[in-house]
Amino acid sequence: MQQQEATAMGLHVDYFASLNSPWTHLGAARLEAMVERHGATLRIYPVDFGTIFPASGGLPLPKRSPQRQAYRMQELERWRDHLGIPIHLKPRAHPANEGFAASCVIAVRETLGDGPALALAHRLLKALWEEDQDSGERTVIEALIREVGLDAAAVMALGSEDRWAEQRGQDTQAALARGVFGAPSYVVGAEIFWGQDRLEFLERRLARG
């Protein structure tokens, strides 16, 4: 994975996301607006937090204590109301099977560019959290690819190639090597900003240049 910090326009942000994470979704629009505002570049990595959690001392949601699970629900409701983003607190398909969707996002990133990959990833998150769709279902993924203006048949065929799952594995190991342990993580050089509630600090970093 190529690391960048400065570009001709501004800073570069590596964006480590989970396509199952409500926190990733809650920060999505603000992140896009922020990097545009500061002339930064942004590359999304839909990595495997099923690998990252055990390697970094974390637990997947079903294995967390009842107290932590209950507090998570309170926080989701608070942030939903604060941001005015109409998420379902318990989507029927959560956790969705994100393997193929992630492969499609990576395939788009590597063949069409960062912008289309970001658009697809954020559309998948919206489908899961706002529309209660199963973002791991291939017919849903196909429709969402079409909605973001891409050739659905071509992206579905490309996403089925094994090399993108392999690339996801490499991206996941690179994320661990850089200190990433949770989603979303926004990384500028060696600085990690974990969570959509840290976007204000990311903005300060981008403003400094």
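Residues numbered from 1 in each chain as written. Predicted model: local features only at pLDDT ≥ 70, side-chain atom pairs only at ≥ 80, totals over all residues. Heavy atoms only, no water.

### Brief notes about the sheet that holds strand 4 (residues 191–194)
Item 1. Taken in spatial order, the four strands of this open sheet run 2-1-3-4, and their pairing is mixed. Edge positions in the sheet fall to strand 2 (41–46) and strand 4, since each of these pairs with one other strand and no more. Sheet twist, expressed as the average angle between the axes of neighbouring strands with direction ignored, equals 20°.
Item 2. Direction of pairing for strand 1 (residues 12–17) relative to strand 2: parallel, over a ladder of six bridges. Bridge pairing links Phe-16 to Tyr-45 in strand 2. (Pairing = 2+ DSSP bridges. Helix = DSSP H or I, 4+ residues; strand = E, 2+ residues; numbered from the N terminus. Axes fitted to C-alpha atoms, helices over the stretch in contact; angles between N-to-C directions.)

### Let's talk about helix 4 (residues 99–111)
At 3.6 residues per turn, the α-helix brings residues three or four places apart onto the same side.
Item 1. Relative to the 18 Å expected for 13 residues at 1.5 Å per residue, helix 4 spans 18 Å between its end C-alpha atoms, a close match to the ideal helical length.
Item 2. For helix 4, the buried fraction is high: ten of the 13 residues fall into the buried class.
Item 3. Within the span of helix 4, buried status applies to Phe-100, Ala-101, Ala-102, Ser-103, Cys-104, Val-105, Ile-106, Ala-107, Val-108 and Arg-109.
Item 4. Tucked into the core, helix 4 has its buried residues touching strand 2, helix 5 (114–129), helix 6 (138–147), helix 7 (152–159) and helix 8 (162–177).
Item 5. Positive phi appears at Gly-113, one or two residues downstream of helix 4, with a value of about 120°. (Expected span 1.5 Å × (residues − 1). Buried < 20%, exposed > 50% of the residue type's maximum accessible area, 1.4 Å probe, protein only. Contact = heavy atoms within 4.5 Å.)

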